[in-house]
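Fold and contact review
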Amino acid sequence: SNNEALFELTSCLEMYDKLEEGVEFYQDFIDKDPFSTMAWYNLGIVYDKLQDYIKAIEAYEYASLIDDSFSAAKITDVPPKEIPCKPISCFLKPF
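Quick caveat: nothing in here was measured; it's all calculated off a predicted structure. (Residues numbered from 1 in each chain as written. Predicted model: local features only at pLDDT ≥ 70, side-chain atom pairs only at ≥ 80, totals over all residues. Heavy atoms only, no water.)

In this section: the packing of aromatic side chains. Applying the stated criterion across every chain, the model contains four aromatic pairs. Taking the centre distance of 6.0 Å and the plane angle of 40 degrees together, the rings of Phe-25 and Phe-29 count as tilted. In this pair, Phe-25 and Phe-29 both sit in helix H2 (residues 19-32), four residues apart, roughly one turn of the helix. A relative accessible area of 23% places Phe-29 in the partly exposed class. (Phe/Tyr/Trp six-rings, centres within 6.5 Å; stacked < 30°, edge-to-face > 60°. Helix = DSSP H or I, 4+ residues; strand = E, 2+ residues; numbered from the N terminus. Buried < 20%, exposed > 50% of the residue type's maximum accessible area, 1.4 Å probe, protein only.)

Structure, rendered in structure tokens:
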């Protein structure tokens with residue numbers, strides 16, 4: 001499915017150190033399909049890995065707004081002093 005492909009793409013981008021290209025890809029994808037929960041979620045993952053934690057939070061929040069049952073993108077309380085010291089993925093709720 002598209003969702004599985006998007007998730008696998010993120011893994012490949014990280015493996016081949018192409019995360020910057022991933023930002024461009026997901027932004028283009030979102031321009032064409034702005035309600036893609038997985039595209040927003042994966043954009044959050046990419047930003048998180050690039051240590052752009054504010055943009056990661058924004059992307060995860062968009063994924064949650066699109067599908068409020070999508071628990072993977074729900075962020076637990078993030079103490080302000082932790083940003084940008086820890087990857088945001090540390091604060092994501094488990095599935």
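So, next bit.
Next up on the list: the packing of helix H3 (residues 37-49) against helix H4 (residues 53-66). Contact geometry for H3 and H4: axes closest at 8 Å, N-to-C directions at 165 degrees. Regarding the angle of H3 to H4, the classification is roughly antiparallel. Of the two elements, H3 crosses H4, and the hand of that crossing is left-handed. Across from Thr-37, Trp-40, Tyr-41, Leu-43, Gly-44, Ile-45, Tyr-47 and Asp-48 in H3, the residues of H4 making contact are Tyr-53, Lys-55, Ala-56, Ala-59, Tyr-60, Tyr-62, Ala-63 and Ile-66. (Axes fitted to C-alpha atoms, helices over the stretch in contact; angles between N-to-C directions. Parallel < 35°, antiparallel > 145°, perpendicular 65-115°, else oblique. Left-handed = near helix turned anticlockwise from the far one by under 90°. Contact = heavy atoms within 4.5 Å.)

Moving on, we get to helix H1 (residues 2-15). Across its 14 residues, H1 extends 20 Å between first and last C-alpha, which sits within 8% of the 20 Å expected from 1.5 Å per residue. Residues Leu-6, Thr-10 and Leu-13 constitute the buried set of H1. Summarising the axial view, the buried residues of H1 lie within an arc of 65 degrees, below the 170-degree limit, and thus occupy one face. Those residues of H1 that are exposed and aimed more than 90 degrees away from the buried face are Glu-4 and Met-15. Where H1 is buried, its residues meet H2 and H3. Just beyond H1, the residue with positive phi is Asp-17, at close to 55 degrees. (Expected span 1.5 Å × (residues − 1). Arc of directions from axis to C-beta.)

In this structure the tally under the stated criterion is two salt bridges. When the shortest N-O distance is used, the salt bridge between Glu-14 and Lys-49 registers 3.3 Å. Here the residue Glu-14 occupies a position in helix H1, and Lys-49 occupies one in helix H3, the gap between them amounting to 35 residues. Judged by its relative accessible area of 40%, Glu-14 falls in the partly exposed class. Judged by relative accessible area, which is 36%, Lys-49 ranks as partly exposed. Lys-55 is paired through a salt bridge with Asp-52; the nearest N and O atoms lie 4.0 Å apart. When its relative accessible area of 39% is taken as the criterion, Lys-55 is described as partly exposed. By relative accessible area, Asp-52 is classed as partly exposed at 27%. (Salt bridge = Lys/Arg side-chain N within 4 Å of Asp/Glu carboxyl O.)

Note that all results are geometric; they support no functional claim without further evidence.
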